[in-house]
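Here is how the chains run, residue by residue.
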Amino acid sequence: QQQVRQSPQSLTVWEGETAILNCSYENSAFDYFPWYQQFPGEGPALLISILSVSDKKEDGRFTIFFNKREKKLSLHIADSQPGDSATYFCAATGTGGYKVVFGSGTRLLVSP
Amino acid sequence: GGIITQTPKFLIGQEGQKLTLKCQQNFNHDTMYWYRQDSGKGLRLIYYSITENDLQKGDLSEGYDASREKKSSFSLTVTSAQKNEMAVFLCASSSPGQPSGNTLYFGEGSRLIVV
């Protein structure tokens, strides 16, 4: 049973375009949604996160849009750069929760 | 800042062998995790430890043992290595009480190769 789903599995965009990565979840108890960025040979690192009380979170070129009713969220990467090429994981957990559930990831390639 | 150190970076063993991965953190975090990463399947939780001397099974604990020797270290043992277990094992730590949410800090991973 996959509680967090991501799409697409892989995505290629041109430099300067906006990349859109999608995520959905099943458990209504989830209320914290971090996105992690992973480069080859490294562990994932927190990129940006959102709490379910918000519907949008921005940090520079990265924006999360959150729809609680539909249990969906998306990560928008504006003005994509080749250095953004990485795998992005959507994750979810409940308040004070210890178990963090990850999606299967989206591999992003930004072509110059 | 802190760091998560995983050893070894590559672990090569034979089928049926018992193999151990080690993880150290200097964040002074209470909670530590072991995840398994297979290509195309994301990260799956094997074991986690809320605090020293605690052990909790994740979704993929069968075939693995874990040990939280002290607050800063967390070990994972593959009890009988199989070729379909070749994957990257990621250790992480966190301080879940943060009001901003439970952020995990990961090591660089240990790759298991079974011959």
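Basis of the calculations
- Residues numbered from 1 in each chain as written.
- Chains lettered and ligands numbered in written order.
- Predicted model: local features only at pLDDT ≥ 70, side-chain atom pairs only at ≥ 80, totals over all residues.
- Heavy atoms only, no water.
- Helix = DSSP H or I, 4+ residues; strand = E, 2+ residues; numbered from the N terminus.
- Buried < 20%, exposed > 50% of the residue type's maximum accessible area, 1.4 Å probe, protein only.
- Contact = heavy atoms within 4.5 Å.
- Areas by Shrake-Rupley, 256 points an atom, 1.4 Å probe, with all protein chains shown as cover.
- Lys, Arg positive; Asp, Glu negative; His and termini not counted.
- Charge placed at Lys NZ, Arg CZ, Asp CG, Glu CD.
- Rg over C-alpha atoms; globule rule 2.2 N^0.38 Å.
- Buried area = accessible area lost by both parts, 1.4 Å probe.
- Salt bridge = Lys/Arg side-chain N within 4 Å of Asp/Glu carboxyl O.
- Polar contact = N/O pair within 3.5 Å; in protein donor to acceptor, adjacent residues only side chain to side chain.
- Nonpolar A, V, L, I, M, F, W, Y, C, P; charged D, E, K, R; others polar.
- Pairing = 2+ DSSP bridges.
- Axes fitted to C-alpha atoms, helices over the stretch in contact; angles between N-to-C directions.

Enquirer: With reference to specific residues and values, describe the overall build of chain A.
Expert: What chain A contains, in helices and strands, is 0 helices and 11 strands. The N-to-C order of helical and strand elements in chain A reads β-β-β-β-β-β-β-β-β-β-β. With the C-alpha coordinates aligned to their principal axes, the bounding extent of chain A is approximately 40 × 30 × 20 Å. Split into buried and exposed, the 112 residues of chain A put 46% on the buried side. Pairs at least 24 apart in sequence give 53% of the contacts found in chain A among residues at least 6 apart. Carbon and sulfur atoms provide 48% of the accessible area of chain A, an area that totals close to 5,500 Å². The averaged location of the 11 negative side-chain charges in chain A is 10 Å from the averaged location of its 10 positive side-chain charges.

Enquirer: Account for the overall build of chain B, naming residues and giving values.
Expert: The number of helices and strands found in chain B is 0 helices and 11 strands. The N-to-C order of helical and strand elements in chain B reads β-β-β-β-β-β-β-β-β-β-β. Here the C-alpha atoms of chain B give a radius of gyration of 14 Å, agreeing with the 13 Å that 2.2 N^0.38 yields for 115 residues. With the principal axes as the frame, chain B shows a C-alpha extent of 45 × 30 × 25 Å. For chain B, the residues scored as buried account for 50% of the 115 residues in total. Long-range pairs, those at least 24 residues apart, make up 54% of the contacts in chain B with a sequence separation of at least 6. A total accessible area of about 5,500 Å² is found for chain B, and carbon and sulfur atoms account for 46% of it.

Enquirer: Please provide a residue-by-residue account of the interface of chain A and chain B, values included.
Expert: With 19 residues of chain A in contact, the opposing surface of chain B contributes 24 residues. Interface area, chain A with chain B, both sides summed: about 1,700 Å², of which 58% is carbon and sulfur. The three residues of chain A that bury the most area against chain B are Tyr98(A), Lys99(A) and Phe102(A), which together make up 33% of that side's buried surface. Counting the contacts that link chain A with chain B gives 1 salt bridge. Here chain A and chain B share 6 residue pairs in polar contact (both at pLDDT 80 or more) between them. At the level of elements, strand E4 (32-38) and strand E5 (45-51) of chain A are the ones that each hand at least two residues to the side of chain A that touches chain B. Here the side of chain A that touches chain B is composed, by residue class, of 9 nonpolar, 8 polar and 2 charged.

Enquirer: Could you give an account of the sheet that holds strand E6 (residues 56-59) of chain A, with specific residues and numbers?
Expert: Residue and element names in this part refer to chain A. Strand order across the open sheet formed by 5 strands is E1-E3-E8-E7-E6, with antiparallel pairing between neighbours. Looking at strand neighbours, the two that pair on one side only are strand E1 (4-7) and E6, the edges of this open sheet. With strand direction ignored, the average angle separating the axes of adjacent strands in the sheet is 15 degrees. Note: strand E7 (residues 62-67) against strand E8 (residues 72-77), 6 bridges, orientation antiparallel. Looking at the pairing, Thr63 lines up with His76 of E8.

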